[in-house]
Structure formats: C-alpha cells, structure tokens
Amino acid sequence: MSIGIPIALLALAGSNGFYKRYVTAKGVKHDCADRLKENGDIFLLDVRAYNISYKDPIEGAFELPIAYFIRSYEEIPDRPIHIIASDEMEKNMAVRLLWKKGKQVISYSLTEENCGERILAH
C-alpha cells in the first residue's frame, strides 16, 4: 500500500474542519449590532463563550455559545438573525451551524470592532 493514500485521506478528513472554521460564510453581510437593537424583527444572537459574554454583555442579545447549539438551537426563533461573535472563526462556525438547522442568518458583527462610539469588547 502506498503511503500517499493514507496521507491523502487524512488531509481530506481534516479539510472539512478547516473549511467550516476558516473559509468565509458567503451571503452574510457585516453590520453593527448597536444599529440593529431597535429593530424588533431581527434576533440578536451572541455566540461568544459564556466566560467572555458575561464580562461584556450585549444589551438585547440572546446568549447561546456555539458549544450549546446542538442541544439548544430550538430556543432560537424563526426570525432573521444577527450573529455577534468574538472572531471570524466563531462567526463562520455559527453561520454554518444555523444554516444547517434551517435558520436565516442575515448579518454579523465582531465584538472587537469599533461600532461608532463604542468598542464592544476589551
């Protein structure tokens, strides 16, 4: 047996995880959560880990870390969703998991960005 086949299989298996985390989820626009708070039609979903989100809560956002999606995604209503994440990887994973569950993700913001008068995270 050639050693190239097992290496190719390992590379193929690892590429799915790479894709889910690092390849940008297309069709989701970048926006600022502060501008969307007053819009009652949009559901603000904070996907940051609890140890991060409790230190800097986002007013009006529902907190559900990615680690809890599988068992708690039913709590997310069937409305357009704005994701609040710590970084691009977290955003990409959340978008893909929500799409897989049939949810409509329309926009996202990252907490370390400057949204006008306030930087959302330290």
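Scroll up to find the structure this text is about.
Draft legend 1. A look at the environment of K101. Summarising the element assignment, K101 is placed in the loop between α5 (88-100) and β5 (105-110). For the pair K101 and I70, spaced 31 residues apart in the sequence, the C-alpha separation amounts to 9.3 Å.

Draft legend 2. Representation of the nonpolar core in the model. Core analysis: the largest hydrophobic core is formed by 17 residues, its most contacted members being L45, V47, F69, I76, I81, I83 and L98. Mapped by element, the contributors of at least two residues to this core are β2 (43-46), β4 (81-85), α5 and β5. Residues in contact with L98, not counting those within four places in the same chain, are L45, F69, I76, I81, I83, K103 and V105. Within the second largest apolar cluster, 7 residues are counted, among which are A33, L44, I58 and I84.

Draft legend 3. Highlighting the packing of aromatic side chains. Tallying each qualifying case throughout the model produces 2 aromatic pairs. Pairing F43 with F62 gives two aromatic rings, centres 5.7 Å apart and planes at 40°, and the pair type is tilted. Taken together, the residues F43 in strand β2 and F62 in strand β3 (residues 62-63) connect sequence positions 19 residues apart. Looking at F43, the relative accessible area reads 11%, which means it is buried. Using a relative accessible area of 26% as the deciding quantity, one classes F62 as partly exposed. Seen from their ring centres, Y50 and Y68 are 5.5 Å apart, and the 50° between their planes marks the pair as tilted. A residue pair is termed long-range when its members are at least 10 positions apart, and Y50 in helix α3 (residues 50-53) and Y68 in the loop between β3 and α4 (69-72) qualify at 18 residues. Here the guanidinium or amino end of K91 rests over the ring plane of Y108, the centre of that ring lying 4.4 Å away.

The rules behind these values
- Residue indices follow the written sequence of each chain, beginning from 1 at its first position.
- Reporting of local features is limited, given that this is a predicted model, to residues whose pLDDT is at least 70; pairs of side-chain atoms are given and counted only at 80 or more, and all residues count toward the totals for whole chains, interfaces and linings.
- The basis for the side-chain values is all heavy atoms of the structure; hydrogens and waters are excluded.
- Strands here are runs of E lasting at least two residues and helices are runs of H or I lasting at least four, both read from the DSSP assignment and numbered beginning at the N terminus.
- Buried Ala, Val, Leu, Ile, Met, Phe, Trp, Tyr and Cys residues that are joined via side-chain atoms within 4.5 Å together make up what is termed a nonpolar core.
- With a 1.4 Å probe rolled over the protein chains alone, any residue whose accessible area is under 20% of its type maximum counts as buried; one over 50% counts as exposed, and the rest are partly exposed.
- The contact rule is simple, with two residues in contact once any of their heavy atoms fall within 4.5 Å.
- Centres within 6.5 Å are what make two rings of Phe, Tyr or Trp a pair, Trp counting through its six-membered ring; a difference in plane orientation under 30 degrees is then read as stacked, over 60 as edge-to-face, and the rest as tilted.
- In our convention, an over-ring charge means Lys NZ or Arg CZ found within 6 Å of a ring centre and within 35 degrees of that ring's normal.

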